[in-house]
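In case you want the letters, here they are:
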Amino acid sequence: MTQLTLYTFRACPYAHRVEIALAEVGAEFKRFEIDLANKPEWYALKVNPAGKVPTLAYGGPDVPPDEPSPGSVKIPESLVLLQLIPELFPHASTLIPSDPIVLAQARLFIESFSNTFVPAYIALLFRGDADGEDRLKAAMDSVIQTRREHGKRYAVSNEFTIADAAVLPFIARAEVLFGGDFGNAEAPRGSRLIAETKADPKYQPFWEYFELLKERESFKATWWPDAILETARRMFAK
Ligand SMILES: N[C@@H](CCC(=O)N[C@@H](CS)C(=O)NCC(=O)O)C(=O)O
C-alpha cells in the first residue's frame, strides 16, 4: 500500500481542508501534528522548506512520521491536495464532479471564496480591520448568490465536492472565533457580526448552507473546536 502521511495542525483551516478530503475518500494515512508554535527542526529541512502545514508525504518506505524519508514526495498547498486526494481514490467519493463544467464551477467558487471570504476573515481576525465585517458580509452574500445561481443542494452540485470542502473549515472557524470574540477586533465586533447575520433573513441561506455542511461525517470526524480555541487563546492572549 502507498504510504501517506499528513503533516497537519488541528487549528489550521488549510490543513482542515485536507483532513476532510482524506476522511471523505476513507484513506488510510498517518497523521502527524506539527505544533506551529514550536516546530521541530526536521520539518522545514525534510518535509516543507516553507515550514507550513498541510503537507502530504506520498509514497516511499514505511517510516515514522518524525523520521521522514527522502523517498517520499512531499506535497504542500491545501488546494492542490484537495484536488489530488480524490484523484488518488477516484471511486471513493464525489469530491471531483464528473462533469467538467461542474468541476470548473467548483474551481470558480473556490477562487472567489479565496479572494473574498479568506482575506476578509484574516483582516478581521488578525488585524481587526475596520471594514472586516462589511467584507465578510459581502463574501457571505457571494456564497449565497453562487448557490442560488446553481440551485443545487451543495455549492455547485447535489453532491459534496471540493468546493464545499474548501470553504467549510473557514466558515466553521469564523463562527467559533468571531462568535467568541477571539482575535484582534475589539469585542463585541465579532460576536455582533455572527449574531446579526444569523438574525438577518438576508444571510439565512449562508448559515443554512453551513448547517448542511456540518452534517458531513468527514467534518464531524475532523472538527476539534477545543484545539482551535486553545490555539486562539494562546495567539490572542485571552
Ligand atoms: N497556501 C497554504 C497556506 C498554509 C498556511 O498558511 N498554513 C499555516 C497554518 S494555518 C502555517 O503553516 N503557517 C506557518 C507557521 O505558522 O509557522 C495552503 O493553502 O496550504
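The rules we used
Within each chain, residues carry numbers counting from 1 in the order of the written sequence. Only residues with pLDDT of at least 70 are given local features in this predicted model, and only at 80 or more are side-chain atom pairs given and counted; all residues enter the totals for whole chains, interfaces and linings. Water and hydrogen atoms were dropped before computing side-chain values, which therefore reflect all heavy atoms in the structure. Domain borders in the structure are assigned automatically or taken from a domain database. Throughout, a contact is declared for two residues whenever any of their heavy atoms are within 4.5 Å. What gets called buried area is simply the loss in accessible area from a 1.4 Å probe that two parts show on being joined, summed for both. Within this document, salt bridges are pairs made up of a side-chain nitrogen of Lys or Arg and a carboxyl oxygen of Asp or Glu, the two lying within 4 Å of each other. A 3.5 Å cut-off defines polar contacts: any pair of N or O atoms within that distance qualifies, except that in protein one atom must be a possible hydrogen donor and the other a possible acceptor, and neighbouring residues in sequence count only when both atoms are side-chain atoms. UniProt positions are given in the numbering used here, feature names are shortened, and annotations may be inferred rather than shown by experiment. The numbering of helices and of strands both runs from the N terminus, where a helix is a DSSP run of H or I of at least 4 residues and a strand a run of E of at least 2. Using a 1 Å grid laid over the protein atoms alone, points where a 1.4 Å probe fits but cannot get out form a cavity; open sets with protein on both sides within 12 Å along at least 5 of 7 lines form a pocket; any residue with an atom within 4 Å of a point counts as lining. Grid points are joined across faces, edges and corners, and a volume is the space filled by probe spheres set on the points. Note that Gly is not counted as nonpolar here; it falls among the polar residues with everything else outside the nonpolar set of Ala, Val, Leu, Ile, Met, Phe, Trp, Tyr, Cys and Pro and the charged set of Asp, Glu, Lys and Arg. In this scheme, strands are said to pair when DSSP sees at least two bridges between them.

Draft legend 1. Main features of the domain arrangement of the protein. Split by domain assignment, the protein resolves into domain 1 (4-88) and domain 2 (100-235). The C-alpha centroid of domain 2 is placed 24 Å from the C-alpha centroid of domain 1. Facing 19 residues of domain 1, the contacting portion of domain 2 comprises 23 residues. In total, about 1800 Å² of surface goes out of reach between domain 1 and domain 2, with carbon and sulfur atoms giving 64% of it. In terms of surface lost to domain 2, no three residues of domain 1 exceed Arg10, His16 and Ile20, which account for 30% of the buried area on that side. Along the contact surface separating domain 1 from domain 2 lie one salt bridge. Connecting domain 1 to domain 2 are eight residue pairs in polar contact (both at pLDDT 80 or more).

Draft legend 2. Geometry of the UniProt feature "domain: GST C-terminal" (unreviewed entry) in the protein. If you check UniProt for "domain: GST C-terminal" (unreviewed entry), the listed places come out as residues 99-224 in our numbering. Strand forms 0% of residues 99-224 and helix 71%; the C-alpha atoms that close the span are 33 Å apart.

Draft legend 3. Molecular detail of the layout of surface pockets. By volume, the largest pocket amounts to about 600 Å³. Contributions of two or more residues to the lining of the largest pocket are made by helix 1 (13-25), helix 5 (117-127), helix 7 (162-179) and helix 11 (225-235). In terms of residue count, helix 11 provides more of the lining of the largest pocket than any other element does, five residues in total. Here the lining of the largest pocket is composed, by residue class, of 21 nonpolar, four polar and four charged. Summarising the domain contributions, the lining of the largest pocket has at least three residues from each of domain 1 (4-88) and domain 2 (100-235).

Draft legend 4. Quick peek at empty space enclosed by the protein. Summed over all chains, the structure comprises two cavities of 30 Å³ or more. What the largest cavity holds in volume is close to 90 Å³. Surrounding the largest cavity, 15 residues form its lining, Thr5, Ala57, Gly59, Pro61 and Val63 being those nearest its centre. Residue assignment for the lining of the largest cavity shows that the elements contributing at least two residues are strand 1 (4-8) and strand 3 (55-58).

Draft legend 5. Structural detail: the pairing of strand 3. The pairing of strand 1 with strand 3 spans four bridges and is antiparallel. Across the sheet, residue Leu6 finds its bridge partner in strand 3, namely Leu56. Here strand 3 pairs with strand 4 (residues 73-76) via four bridges, running antiparallel. Bridging across to strand 4, Tyr58 finds its partner in Val73.

Draft legend 6. The arrangement of unusual backbone geometry in detail. Put simply, Val53 and Pro54 share a cis peptide bond, and its omega is 0 degrees. As for its position among the elements, Pro54 is in the loop between helix 2 (41-47) and strand 3. That bond from Ala187 to Pro188 is cis: its omega, 0 degrees, falls within 30 degrees of zero. Mapped onto the elements of the fold, Pro188 is located in the loop between helix 7 and helix 8 (189-199). For Asp181, which is not glycine, the phi dihedral falls at a positive 55 degrees. Along the chain, Asp181 falls in the loop between helix 7 and helix 8.

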